[in-house]
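Residue-level listing of the chains:
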Amino acid sequence: MSTSTPSVLFVCVHNAGRSQMAAAFLTHLGGPRVQVRSAGSAPADTVNPAVVAALAEVGVDISAETPKVLTTEAVQASDVVITMGCGDACPYFPGKRYLDWQLEDPAGQGVAAVRPIRDEIEQRIRGLLAELGIEPAA
């Protein structure tokens with residue numbers, strides 16, 4: 001980890017569900033003490049509406065977010081790269097910390113099915129913040 005603000009990149013295939021939720025929670029709980037990016041190897045046109053709704057239930061608004069394409073530059077600029085079903089499409093650079101979070105894909109599911117995925121991601125984000133030495137916002 002660098003001594004400056006740590007940077008975390010979340011990557012999944014469509015950047016419409018899991019990576020969006022993870023980025024939203026890290027931004028919400030980490031605030032300006034962490035730089036957050038998310039991207040997809042094959043981004044969708046829009047963020048999954050069930051994901052937007054599930055996050056709104058816990059006070060996190062991602063209604064203005066759009067899926068972004070994964071770039072080599074985003075990986076190079078990040079200290080920690082967390083993949084979620086990205087597979088071989090994720091570029092690898094020595095010196096980066098890579099984590100792979102196995103999470104159910106919320107694609108095509110309703111809000112009720114997204115809630116447990118959302119809650120698991122929030123717990124993993126809280127654990128990540130602890131590892132980074134960042135106290136979560138209240």
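Preceding block: the structure.
All values derive from a computational prediction rather than experimental measurement.

1. Side note on the pairing of strand 1 (residues 7-12)
- Summarising burial for strand 1: six of the six residues are buried, a large majority.
- Both faces of strand 1 are covered, namely the face carrying Ser7, Leu9 and Val11 and the face carrying Val8, Phe10 and Cys12.
- Here strand 1 pairs with strand 2 (residues 35-40) via six bridges, running parallel. Across the sheet, Ser7 pairs through a bridge with Gln35, a residue of strand 2.

2. Structural notes on the environment of Ala54
- Structurally, Ala54 can be placed in helix 2 (residues 49-56).
- On the accessibility criterion, Ala54 (0% relative accessible area) is buried.
- The spacing of Ala54 and Val36 is 18 residues in sequence and 20 Å in space, taken between C-alpha atoms.
- With residues up to four places along the chain from it excluded, the contact list for Ala54 reads Val111, Val114 and Arg118.

3. As for the nonpolar core
- Core analysis: the biggest nonpolar cluster contains 31 residues, and Val8, Phe10 and Ile125 have the highest contact counts within it.
- Taken together, the elements giving at least two residues each to this core come down to strand 1, helix 1 (18-30), helix 2, strand 3 (80-83) and helix 4 (111-132).

Thresholds applied
- Residues numbered from 1 in each chain as written.
- Predicted model: local features only at pLDDT ≥ 70, side-chain atom pairs only at ≥ 80, totals over all residues.
- Heavy atoms only, no water.
- Buried < 20%, exposed > 50% of the residue type's maximum accessible area, 1.4 Å probe, protein only.
- Helix = DSSP H or I, 4+ residues; strand = E, 2+ residues; numbered from the N terminus.
- Pairing = 2+ DSSP bridges.
- Contact = heavy atoms within 4.5 Å.
- Core = buried A, V, L, I, M, F, W, Y, C linked by side-chain atoms within 4.5 Å.

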